[in-house]
Amino acid sequence: MKRKPSTEATAAWIRLMRVQSRVLDCVEQDLKKAGFPPLAWYDALLELSRAPSGELRPVELERQMLIPQYSTSRLIDRLVDEGLASRRECKIDKRGQFVEITEAGRELQKRMWGAYSAAIEKYVGSKLSDADAVKLSGLLDRLGCSCGEMKLPPAGVNESMPPR
């Protein structure tokens, strides 16, 4: 018989889900107030900008994103429609395609970082000491390791900062 979660583990789960939902909602509202598109746009543009040539296959982008798979293709369509990304055919297999960030996409991602980083500081940084943030990252890393292919950066690596 499998062990049931303890009352404490269940309470931790509930808090984790509630805090995650509330903080994301607050960040989304701050981005909206600043006149920016949703956080998923930033996330997609960040992942594309981090790719060695600024492009990923849609399935690779899905794996990197913080949104459900079914939303990724619609998001890609929106980014392309807004001129923030473009699609191009894979020259090797002709059936596949790549999504590539445009210069306008790079610029938007950099501008969004100002509002996004302020929200991270407001909802997380101002509430935790750096030592507490490292401890929390370590605890979350322990949870992430049990989710199969989920790979998180080492504690202390700022995953949200724009590269370059």
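For every chain, the first residue of its written sequence is number 1, and the numbers climb from 1 along that sequence. With the structure being a predicted model, the display of local features is reserved for residues of pLDDT at least 70 and the display and counting of side-chain atom pairs for 80 or more, all residues being used for whole-chain, interface and lining totals. Calculation of side-chain values draws on the structure's entire complement of heavy atoms; hydrogens and water are dropped beforehand.

Student: Just checking my understanding: could you explain the overall build of the protein chain for this structure?
Tutor: Where helices and strands are cited, they refer to DSSP runs of H or I of at least four residues and of E of at least two residues respectively, numbered from the N terminus. Regarding its fold elements, the protein chain presents six helices and three strands. Ordering the α and β elements of the protein chain from the N terminus gives α-α-β-α-α-β-β-α-α. Accessibility here uses a 1.4 Å probe with only protein chains present; expressed as a share of the type maximum, an area under 20% marks a residue as buried, one over 50% as exposed, and anything in between as partly exposed. Among the 164 residues that make up the protein chain, the fraction classed as buried is 28%. Exposure was quantified through the Shrake-Rupley algorithm and a 1.4 Å probe, taking into account, for residues, occlusion by the shown protein chains and nothing else. When the accessible surface of the protein chain is summed, it comes to about 11,300 Å², and 57% of that surface belongs to carbon and sulfur atoms.

Student: When you look at a nonpolar patch on the surface in this model, what are you seeing that I'm missing?
Tutor: Residues forming no salt bridge and having over 30% relative accessible area are the ones grouped into patches, like charges within 9 Å of each other and nonpolar side chains (Val, Leu, Ile, Met, Phe, Trp, Tyr) within 5 Å. In what follows, salt bridge is the name for a side-chain nitrogen of Lys or Arg lying within 4 Å of a carboxyl oxygen of Asp or Glu. Residues Trp13, Ile14, Leu16, Met17, Leu136, Leu139, Leu140 and Leu143 make up a contiguous nonpolar surface patch of about 690 Å² in total accessible area. Tracing the backbone through its elements, the reader meets Leu136 in helix H6 (residues 130-144). Residue Leu136 is classed as partly exposed on the basis of its relative accessible area of 36%.

Student: Quick question: what am I supposed to make of the pattern of salt bridges here?
Tutor: Between side chains of opposite charge, a pair can form when the charged atoms approach closely. Taken as a whole and judged by the stated rule, the model has three salt bridges. For Asp30, the salt bridge identified is with Lys122, shortest N-O distance 3.7 Å. Of this pair, Asp30 sits in helix H1 (residues 7-33) while Lys122 sits in helix H5 (residues 103-125); the two residues are 92 residues apart in sequence, bridging distant segments of the chain. In this structure Asp30 comes out as buried when scored by relative accessible area, which is 14%. The class of Lys122 is partly exposed, set by a relative accessible area of 44%. For the salt bridge of Arg87 with Asp77, the shortest nitrogen-to-oxygen distance reads 2.3 Å. Here Arg87, found in strand S2 (residues 85-89), pairs with Asp77, found in helix H4 (residues 69-81); they are ten residues apart in sequence, far enough to count as distant.

Student: Could you clarify how one ought to interpret the sheet that holds S2 in this entry?
Tutor: Backbone-to-backbone hydrogen bonds pair the strands of a sheet. The strands run either parallel or antiparallel. If you walk across this open sheet you meet the three strands as S1-S3-S2, and the pairing is antiparallel. Sheet topology places strand S1 (55-56) and S2 at the edges, where each strand pairs with a single neighbour. By this definition, two strands are paired if DSSP reports at least two bridges between them. Relative to strand S3 (residues 97-101), S2 is paired through five bridges, and the arrangement is antiparallel. Across the sheet, the residue bridging to Arg88 is Phe98, located in S3. Whether two residues are in contact is decided by their heavy atoms: any pair within 4.5 Å suffices. Note on geometry: axes are C-alpha line fits, over the in-contact stretch for helices, and angles between N-to-C directions span 0 to 180 degrees. The strands touched by H4 are S2 and S3; relative to S2, the strand with the most contacts, the crossing angle is about 110°.

Student: Please explain the confidence of the model for the protein chain as it appears in this structure.
Tutor: Any segment with low pLDDT has predicted coordinates that should not be analysed in fine detail. Residue-level confidence of the predictor is what pLDDT reports, using numbers from 0 through 100. Across the protein chain, pLDDT averages 87, with 85% of residues at or above 70. When mean pLDDT is compared element by element in the protein chain, H5 scores highest at 97, while helix H3 (residues 58-64) scores lowest at 88.

Student: Just to check I follow, could you spell out the pairing of S3 for this structure?
Tutor: One face of the sheet, then the other: side chains in a regular strand alternate in exactly this way. Bridge analysis of S1 against S3 gives two bridges, and the strand direction is antiparallel. Its bridge partner lying in S3, Glu55 is registered against Glu100.

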